[in-house]
Amino acid sequence: MTSSVRKAVIPAAGMGTRFLPATKSQPKEMLPVVDKPSIQYVVEEAVMAGLKDILIITGRGKRAIEDHFDRNFELEFYLEQKGSSELLKEVQATSELGDIHYIRQRDPLGLGHAVSVAREHVGDEPFAVMLGDDIMVDDALLLRRMLDVHERYGRSVLALKEVLPDEISAYGCVEPEPVDPELVRVRSIVEKPKRDEAPSNLAVIGRYVFTPEIFDALDRIEPGAGGELQLTDAIALLNEDQTVYGCVFKDGRYDIGQKVDFLRANIELALARNDIGPEIEQFLTELMRRRGLA
């Protein structure tokens, strides 16, 4: 099915304080997962789903993101002269992934505000929002499924994942109405509920497909703690006027905004590689043996 959604918005203006001091002088989105910066996984996912018009919302100190997706003629010339043809192809492919644009979120006023600054670029079109802290290693299957749901119903779609009861307070959470085993209608949505007040254990994960009416909802919400505009509040308003759907998934997601999951992503993705996987597996086996765990 050909999607009417052509554009993806990737908010990347956060400070990355969880990874200080590593993020003191580089964007958190440029921290490598094996040998690619995390934001490249997100851009590649968008392109695999057919979304080649990509807007990255940046902030102060994020110039390295723009440089990464730009041409580097000096490096390309060096690799060519050295005869490193495979590396040259990888470097060139990075700058040819899609039509990438940038706009700065001048004030750090939350995710809702970050999405709102994309309004002029997006215009009156549906679009995807992809958070850089969540990388999906699934050949864009989830995102393509969300785009298909949008095409079927013409409505906004959220990515939803079951989490443990003790974890739900870290996420937006929905009250679901089942449509089929992997699709729900969103009856209500709340930001970071307490465990005992959560309407379900379905957490909103960082993939969204929005109708353009989300911008009107963002205009109507009031700032919350710290003066931030919560995207969840705008989704709740949107849901009053038009149905919002949720695609439930299980696998492929790494929350690399968390240190443990960042390390897990590096290990698991390295193990899946033919070039380095066997050595990593041998190292881990030996490490477990030395620690008396195997």
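The text that follows walks through the structure, step by step, so that each part is easy to find. Note that this is a predicted model, so its numbers are computed, not measured.

## Description of the environment of Ile-65
Okay, so step 1: By the secondary structure assignment, Ile-65 is in helix α2 (residues 63-68).
Okay, so step 2: Here Ile-65 falls in the buried class, since its relative accessible area comes to 0%.
Okay, so step 3: Distance in space between the C-alpha atoms of Ile-65 and Leu-88 is 19 Å, their sequence separation being 23 residues.

## Here we look at unusual backbone geometry
Okay, so step 1: Cis geometry is found at the peptide bond from Leu-20 to Pro-21, where omega equals 5°.
Okay, so step 2: Relative to the assigned elements, Pro-21 resides in the loop between β1 (7-11) and β2 (32-33).
Okay, so step 3: Positive phi is not limited to glycine here, since Asp-139 has a value of about 55°.
Okay, so step 4: Inspection of the secondary structure puts Asp-139 in the loop between β7 (134-136) and α7 (141-153).
Okay, so step 5: According to the relative accessible area criterion, Asp-139 is exposed, its value standing at 53%.
Okay, so step 6: Here Ala-140, not a glycine, exhibits a phi torsion of approximately 65°, which is positive.
Okay, so step 7: On the accessibility criterion, Ala-140 (0% relative accessible area) is buried.

## Section: the pattern of salt bridges
Okay, so step 1: All told, the structure shown has 25 salt bridges when counted by the stated rule.
Okay, so step 2: The residue Asp-133 makes a salt bridge to Lys-28 at a minimum N-O spacing of 3.2 Å. With a gap of 105 residues between them, Asp-133 in the loop between β6 (127-130) and β7 and Lys-28 in the loop between β1 and β2 connect regions that are remote in the sequence.
Okay, so step 3: Of the residues examined, Asp-133 reaches a relative accessible area of 26% and is grouped as partly exposed.
Okay, so step 4: Notably, a salt bridge pairs Glu-29 with Lys-62, separated by 2.8 Å at the nearest N-O pair. In this pair, Glu-29 is assigned in the loop between β1 and β2 and Lys-62 in the loop between β4 (53-58) and α2, connecting sequence segments 33 residues apart.
Okay, so step 5: The exposure class of Lys-62 is buried, given its relative accessible area of 5%.
Okay, so step 6: Each of Glu-175, Glu-177, Arg-185 and Arg-187 takes part in salt bridges that share partners, so that together they form one network.

## Looking at the pairing of strand β8 (residues 156-162)
Okay, so step 1: When you tally the buried positions in β8, you get 6 out of 7 residues, the bulk of the element.
Okay, so step 2: Across 6 bridges, the pairing between β8 and strand β12 (residues 244-249) is parallel. Of the residues in β12, the one forming a bridge with Lys-161 is Phe-249.
Okay, so step 3: Pairing analysis gives 6 bridges linking β8 to strand β11 (residues 202-210), with the strands arranged antiparallel. Each residue of the ladder has a partner; that of Leu-160, found in β11, is Val-204.

## Regarding the environment of Leu-269
Okay, so step 1: With respect to the secondary-structure elements, Leu-269 resides in helix α10 (residues 259-271).
Okay, so step 2: As a C-alpha pair, Leu-269 and Val-137 span 132 residues in sequence and 8.8 Å in three-dimensional space.
Okay, so step 3: Contacts of Leu-269, omitting those with residues within four sequence positions, involve Val-33, Val-34, Tyr-41, Ile-135, Val-137 and Tyr-254.

## Looking at helix α1 (residues 38-48)
Okay, so step 1: Counting buried positions along α1 gives 10 out of 11 residues, so the element sits mostly inside the fold.
Okay, so step 2: Every buried residue of α1 is accounted for by Ser-38, Ile-39, Gln-40, Tyr-41, Val-42, Val-43, Glu-44, Glu-45, Ala-46 and Val-47.
Okay, so step 3: Just downstream of α1, Gly-50 is the residue with a positive phi angle, here 95°.

## Quick notes on the packing of α10 against helix α11 (residues 277-290)
Okay, so step 1: Running from amino to carboxyl end, α10 crosses α11 at an angle of 125°, the nearest separation of the two axes being 7 Å. As summarised for this structure, α10 and α11 are arranged oblique, according to the angle between their axes. Judged by residue contacts, Ile-267, Ala-270 and Leu-271 of α10 engage Gly-277, Ile-280, Glu-281 and Leu-284 from α11.

What counts as what
Residues numbered from 1 in each chain as written. Predicted model: local features only at pLDDT ≥ 70, side-chain atom pairs only at ≥ 80, totals over all residues. Heavy atoms only, no water. Helix = DSSP H or I, 4+ residues; strand = E, 2+ residues; numbered from the N terminus. Buried < 20%, exposed > 50% of the residue type's maximum accessible area, 1.4 Å probe, protein only. Salt bridge = Lys/Arg side-chain N within 4 Å of Asp/Glu carboxyl O. Pairing = 2+ DSSP bridges. Contact = heavy atoms within 4.5 Å. Axes fitted to C-alpha atoms, helices over the stretch in contact; angles between N-to-C directions. Parallel < 35°, antiparallel > 145°, perpendicular 65-115°, else oblique.

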